[in-house]
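Topology and contacts: notes
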Amino acid sequence: MNIDIPEGRDPIEYVWGEMVPGIGTAASDFSLAVYAHTTLGLREFEAARLRIAQINGCSFCLDWRTERDGRTVEDGFADAVTGWRTADTFDDRTRLAAEYAERYATDHHGLDEEFWSRMTSHYSQTEVVELSMSIGAWLAFGRLNHVLGLDTMCVLPGH
């Protein structure tokens with residue numbers, strides 16, 4: 001842990017809510033909005049989210065599975081995301097979500113016309129913006145939690 005947390009305090013609540021309340025609360029609201037207001041399908045949403053988690057190395061994010069209406073992605077989905085290029089269980093939208101997340105995080109200058117042609121043939125402009133904002137939130141906040149060491153202090157509900 002790279003930040004001192006007072007004894008008995010929840011690290012996430014302390015750092016995000018108390019240390020910098022004007023920024024942390026807004027960041028938390030944005031992070032929660034990505035989940036609450038998404039219009040993206042669960043598999044494409046999770047493919048992008050998990051690819052960012054893999055790149056960031058955020059322990060909490062890697063363990064998390066988004067749930068919708070009592071459903072989550074299948075076991076082995078995270079492994080398929082790692083091998084998104086050849087995963088035979090992915091449709092074009094899911095594969096593109098994983099690719100976009102990876103390239104957004106590691107080579108955003110390399111998003112060329114060929115990529116955008118494929119992307120816009122499968123996603124509306126609104127969906128591209130939503131996915132971009134979601135990826136941006138996961139990239140920023142997953143890295144923040146990992147860099148500060150918060151990701152090892154987070155506890156998933158039910159764990």
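Here, the structure is the one placed above.
Keep in mind that what you see is a predicted model, and the values were worked out from it rather than measured. (Residues numbered from 1 in each chain as written. Predicted model: local features only at pLDDT ≥ 70, side-chain atom pairs only at ≥ 80, totals over all residues. Heavy atoms only, no water.)

With that settled, consider unusual backbone geometry. Phi is positive for Asp-69, which is not a glycine, with a value near 50°. Position of Asp-69 among the secondary structure elements: in the loop between α4 (59–63) and α5 (77–82). (Helix = DSSP H or I, 4+ residues; strand = E, 2+ residues; numbered from the N terminus.)

A separate point is the packing of aromatic side chains. As enumerated under the stated definition, the model contains 12 aromatic pairs in all. An aromatic cluster is built from Tyr-35, Phe-45, Phe-60, Trp-64 and Trp-138, whose rings are joined through pairwise contacts. Looking at Arg-68, its charged tip hangs above the ring of Phe-45, at a distance of 5.1 Å from the centre. Positioned over the ring face of Tyr-123 is Arg-93, at 4.1 Å from the centre of the ring. (Phe/Tyr/Trp six-rings, centres within 6.5 Å; stacked < 30°, edge-to-face > 60°. Lys NZ or Arg CZ within 6 Å of the ring centre and 35° of its normal.)

A few words now on the nonpolar core. The biggest cluster of nonpolar side chains holds 38 residues, and the ones touching the most others in it are Met-119, Tyr-123, Leu-131 and Ile-135. Listed by contribution, the elements that provide at least two residues to this core are α1 (11–19), α2 (21–36), α3 (42–56), α5, α6 (92–106), α7 (113–122) and α8 (125–148). Per element, the largest residue contribution to this core is seven residues, and it comes from α8. In this structure Met-119 touches Leu-96, Tyr-100, Val-128 and Leu-131, once residues within four positions along its chain are discounted. (Core = buried A, V, L, I, M, F, W, Y, C linked by side-chain atoms within 4.5 Å. Buried < 20%, exposed > 50% of the residue type's maximum accessible area, 1.4 Å probe, protein only. Contact = heavy atoms within 4.5 Å.)

Considering only enclosed or pocket space, the largest pocket measures out at about 740 Å³ in volume. In this structure, the largest pocket is lined by 26 residues; those nearest its centre are Ile-12, Ser-31, Leu-32, Phe-60 and Asn-145. Elements supplying a minimum of two residues to the lining of the largest pocket: α1, α2, α3, α4 and α8. Considered class by class, the residues forming the lining of the largest pocket number 17 nonpolar, six polar and three charged. (1 Å grid on protein atoms, 1.4 Å probe; cavity = no way out; pocket = protein on both sides within 12 Å on 5 of 7 lines; lining within 4 Å. Points joined across faces, edges and corners; volume = space filled by probe spheres on them. Nonpolar A, V, L, I, M, F, W, Y, C, P; charged D, E, K, R; others polar.)

The residue Ala-53 is located in helix α3 in this model. Looking at Ala-53, the relative accessible area reads 3%, which means it is buried. Sequence spacing of Ala-53 and Ala-101 is 48 residues, and the spatial spacing of their C-alpha atoms is 9.8 Å. The contacts of Ala-53, once residues within four sequence positions are left out, are Cys-58, Cys-61 and Leu-62.

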